[in-house]
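# An overview of the molecular structure
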Amino acid sequence: MPQTGRFVPFAAFFIAGLLWALAGRLRKSPAWGYGICLILGAALGLVLTGSTQAKWEKLQNAYDGRSVLLEAEVESISSSYSPGRVRAVLQVETVDREAASLRVECASLPTCSPGDRVKGRFALETPDDTARLNALADGIALNAAYEKGFAPLGQSTSFRARTARLQKRLSAALRQGMASGPAGVLAAMVTGDRTHLSKELRTAYRGAGLSHVLVVSGMHVSILCGDVLGRLLPNRKKRLRGYTGRRVRALFSAVLALLLVGVTGFTPSVLRAAGAVWLSALGVWVYGPPDALTSLGVAGVLMTAGNSCAVCDVGFQLSFAAVVGTLAGGAVVRRSQEAWEKQRAKKKRPRLRFWKRKALGLAGSLWETVCISACASMATFPVLVLRGMSTSLYALVSGAAVLWLVEPILLTGLGAALLGLVPALAPAQRVCSCCAEFLAEVLNRWALWVSGWPGAQIWFDTAYAAVVCLLLAGLCWLAFHNRVRLRAALPALLLAAGLAVFTGNALNRDVVRVELVGSRNAPAVVISRNESAVILFRGGDVTRSAVETTLERRNIRTVECLIDLRLRPRSAQRMGAEQRIAVDRMALYSTRRVRCGPAEVEVLRTRNGCVARIHAAGQTFVTLSGSAALAAPVQADYLLASPARPDCVKYDAILSLSSDYRWMPEALSSGLLCHSFSRAEQALGEKIGFLSRAVI
């Protein structure tokens, strides 16, 4: 698996970095101690990565390309594009009535619920190269295409199934009597149920820089395992005087964190936070002092021990980066407070009046919020841009303005969910529900307002983003090495980041991008420029999901035209677009031409297929669906390859998601194939005149 092998050094040295963090508190240890930690960490990472790769290869060699009878437990579901169907992740129990243990993802499955046991016949296949790494990071070894024989087998009794049913009950109890907008946000924040969250609100929260609020993470775990516990236990101060009381509270926090992990679905962010809670509880029982870096390192090692590819999961990376940024922000706040106290002590100023103390306390809280939010945003910025995701310019503003709402929203939402399980407590549940709904509506209004500001979502080219991140990291190191004061270093860094953002936007303005996304057997073509796109669609649910993900990452808000190249579509195409063309409804040998902002597209319908010619930025692209026989070949600069034979196309180069289509060896032997790229994106700059390629 070449896609996995490329990340072996990354996974190995991530483990090394974690062990460095574990030893970071040993200030007086000699330098060679750190070197040993790095060497041991790299060796451990290589061993774990090698064992993980061997496990995936064994599973894929055993089941790839087979049609098998599966009995499995439904772990999670999400909406599908076909009515009466869901997208599901299955924990397989038996394959052809033989015991097995693997996770598969089914893009279209008859309606079921998390925690159900089901059986049916599925066709198993290895994920495509473009999606393989993300699948392995989630522990998914194979894709499963449902064929026939679906039957429910009852409900599972595993811990994960029981907590999934508890999540469903809590979500339903929380959402009863609420409007759809606040209900979906509260269900995501309190129970981790994101199935009721609208696409509009997802986009708005991402544009406002508040998308992390909708994912149960360390902030939620610390609030629920800390503040809720402090409110539930009576005589808090009295109980904390004895070490026995601290042990009881630590044990209860660990149990609550375990329950929260199960309810929210074992996501990387909540697993990392729960690992820190468990380690802190262990420290209380063995008389060990709390240490955030130690907790972070141990949680990372444990999470990657069974699957080293988990390092490449974007949620995993964002969670750890946010924690590192939060710790750095807390250290900056502590140092600034200590410096202020020393300066005040030297001047021997008299005791401040009450209102001045309150004003200084409010200013200190605001400074702490801003500093921590800024450091967390700077830490997650490289992950977002290097993974091809959009980022918001207003994350810092949103953090300072509305993050204080998260705690009351969580507490009132949790109260509404728990009280809703008991019908006799309906009046109290309604009070909590109204409070939570009002606060969630305030948060929604803010997100919708800020997401409409210019530059709310910015996407960077991956190579350019890597250069910018290295530049900012170098400036930070220079400021630290030369002991530059924060009041001088921070404006300089912000100015450099602002110039980089402005330059990146200027370079990416009016750039036309032609991308192949989705399944390699039926890839869709996405042509985008600025915030508009044209889509030539073919494939199924997997390709639909990939197209929507691409639109979200590129911050594309308008689909000017959607051309459905499928000759025998199994389901209607419901993706929003200003104009639609369905090839299956066109007359034989008829032509349709569309002029849009990103490109001009011409589609010819033949008896057994169609040919689409695209003119974009002075280049010509051709893609095929089915089989097409023409009197004369179509001339093109680039062939957007698919399994269809390109006998009717004369081309200079190929853009493809796969290098093993059946017609490719013949093209190579006949000399028709000039350049073959297993590349998925072509960027053509009309304004600045450059031609580049990048892997998605």
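A few points on the structure. (Residues numbered from 1 in each chain as written. Predicted model: local features only at pLDDT ≥ 70, side-chain atom pairs only at ≥ 80, totals over all residues. Heavy atoms only, no water.)

## Details of the sheet that holds strand β4 (residues 116-125)
Read around the closed barrel, the five strands follow the order β1-β2-β3-β5-β4; overall the barrel is mixed. Each strand of the sheet is rotated relative to its neighbour by a mean of 45 degrees, with strand direction disregarded. Here nine bridges tie strand β2 (residues 85-95) to strand β3 (residues 98-110), and the two strands are oriented antiparallel to one another. Bridging from a neighbouring strand, Val95 pairs with Glu98 of β3. (Pairing = 2+ DSSP bridges. Helix = DSSP H or I, 4+ residues; strand = E, 2+ residues; numbered from the N terminus. Axes fitted to C-alpha atoms, helices over the stretch in contact; angles between N-to-C directions.)

## Some points on the pattern of salt bridges
For the structure on display, the rule yields 13 salt bridges. With a closest N to O distance of 3.0 Å, Arg117 and Glu93 form a salt bridge. Here the residue Arg117 occupies a position in strand β4, and Glu93 occupies one in strand β2, the gap between them amounting to 24 residues. A relative accessible area of 21% means that Arg117 is categorised as partly exposed. (Salt bridge = Lys/Arg side-chain N within 4 Å of Asp/Glu carboxyl O. Buried < 20%, exposed > 50% of the residue type's maximum accessible area, 1.4 Å probe, protein only.)

## Focus on the environment of Ala428
Secondary-structure assignment places Ala428 in helix α17 (residues 426-451). Residue Ala428 is classed as partly exposed on the basis of its relative accessible area of 36%. Between the alpha carbons of Ala428 and Gly415 there is a distance of 8.9 Å; along the sequence they are 13 residues apart.

## Structural notes on the packing of aromatic side chains
One pass over the full model with this rule turns up eight aromatic pairs. Taken together, a centroid distance of 6.2 Å and an interplanar angle of 90 degrees make the contact between Tyr146 and Phe150 edge-to-face. Here the aromatic rings of Trp446 and Trp453 are separated by 6.4 Å at their centres, their planes lie at 70 degrees, and the arrangement is edge-to-face. Overall, the relative accessible area of 17% leaves Trp446 in the buried class. (Phe/Tyr/Trp six-rings, centres within 6.5 Å; stacked < 30°, edge-to-face > 60°.)

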